[in-house]
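Single-letter residue listing:
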Amino acid sequence: MSISASQPSQPTSDRDHSGKTVTDRLVEANAKYASAFTDPGMDARPVLKVAVVACMDARLDLHAALGLELGDCHTIRNAGGVVTDDIIRSLTISQRALGTRSVVLIHHTGCGLLNLTEDFRHEIEAEVGQRPAWAVEAFKDLDKDVRQSMQRVRTSPFLPHTDDVRGFVFDVTTGLLREIDPQR
Ligand SMILES: [Zn+2]
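Reading the values: rules and limits
- Residues numbered from 1 in each chain as written.
- Predicted model: local features only at pLDDT ≥ 70, side-chain atom pairs only at ≥ 80, totals over all residues.
- UniProt positions renumbered as here; feature names shortened; annotations may be inferred.
- Pairing = 2+ DSSP bridges.
- Helix = DSSP H or I, 4+ residues; strand = E, 2+ residues; numbered from the N terminus.
- Axes fitted to C-alpha atoms, helices over the stretch in contact; angles between N-to-C directions.
- Buried ≥ 20, exposed ≤ 12 C-beta atoms within 10 Å, placed from the backbone.
- Contact = placed C-beta atoms within 7 Å.

Under the annotation held in an unreviewed UniProt entry, the chain carries the name carbonic anhydrase and is attributed to Streptomyces netropsis. Here the chain is described in UniProt, under the heading Function (unreviewed entry), as follows: "Catalyzes the reversible hydration of carbon dioxide to form bicarbonate." As its UniProt record puts it under Sequence similarities (unreviewed entry), the chain is described as follows: "Belongs to the beta-class carbonic anhydrase family."

Rendered as structure tokens:
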């Protein structure tokens, strides 16, 4: 279902001068990638036994920012890096089936969710006639939201490993992480 019910006939993707969509470009890039690829022979279990939960923001290159290599970690991302039921689902599988023990939560400055409210959901309902089942999980205070996310992980009954859960705010202008004190 389209979110923009008012523009149902808009093209779904822009094309470049040679008529390619962005996905066409990705598929081409993949062919190049695969041509130089050698099977690393890795197991599905992350080498560093860590799961990183982060916002989907395009400016956040987790592997580069955290010095991670292929196979090191699970990366679980959504809008805001908010700990929703689906994030708990992924963390549960990560810990119980694939051996991770530590959780790192990363929100960031300039997050799109800072400008939204639950009105976003009401507006969609008014437009499409159906209320989304999910909460927007918008927030005004980054530090507070990181704390709430840490709390949700720590108190989840499904997660066996909740002793090493740390939360950070990534500054998109400096590339630096700032750790959030869970107790404040
Ligand atoms: Zn964000």
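Trainee: Help me understand the sheet that holds strand 1 (residues 50-55), please; the structure alone is not making it clear to me.
Mentor: In sheet architecture, strand pairing relies on hydrogen bonds along the backbone and comes in two forms, parallel and antiparallel. Spatial strand order, 2-1-3-4-5: 5 strands in an open sheet with mixed pairing. The open sheet has two free edges, formed respectively by strand 2 (73-78) and strand 5 (177-180), since each of these has just one partner strand. For this sheet, the mean inter-axis angle between neighbouring strands, taken without regard to orientation, is 25°. Where strand 1 and strand 3 (residues 102-108) come together, 5 bridges link them in parallel fashion.

Trainee: Could you clarify how one ought to interpret the pairing of strand 1 in this entry?
Mentor: Taken across its 6 residues, strand 1 has 5 buried, putting it largely inside the fold. As paired strands, strand 1 and strand 2 are joined by 6 bridges and run parallel to one another. Looking across to strand 2, one finds that cysteine 55 is bridged to asparagine 78.

Trainee: For this particular structure, what's the right way to read unusual backbone geometry?
Mentor: Excluding glycine, residues mostly have negative phi values, and the peptide bonds linking residues are mostly trans. One non-glycine residue, lysine 49, lies in the positive phi region at around 55°. For lysine 49, the position within the fold is in the loop between helix 1 (22-35) and strand 1. Exposure remark for lysine 49: the 18 C-beta atoms within 10 Å place this residue in the partly exposed category. Phi is positive for glutamate 137, close to 60°, though the residue is something other than glycine.

Trainee: It is not clear to me how the UniProt feature "binding site: Zn(2+)" (unreviewed entry) in the chain should be interpreted in this structure. Could you clarify?
Mentor: Within this structure's numbering, the places UniProt gives as "binding site: Zn(2+)" (unreviewed entry) are Cys55, Asp57, His108 and Cys111. A maximum C-alpha distance of 8.4 Å is found for the annotated residues, which run over 57 residues; spatially they form one tight group. Relative to the elements of secondary structure, aspartate 57 occurs in the loop between strand 1 and helix 2 (62-66). Here aspartate 57 falls in the buried class, since 21 other C-beta atoms lie within 10 Å of it. Those residues in contact with aspartate 57, other than ones at most four positions away along the chain, are His108 and Cys111. Its place among the elements puts histidine 108 in strand 3. Apart from the residues lying within four places of it in its own chain, the contact partners of histidine 108 are Cys55, Asp57, Leu60, Val169, Phe170 and Val172.

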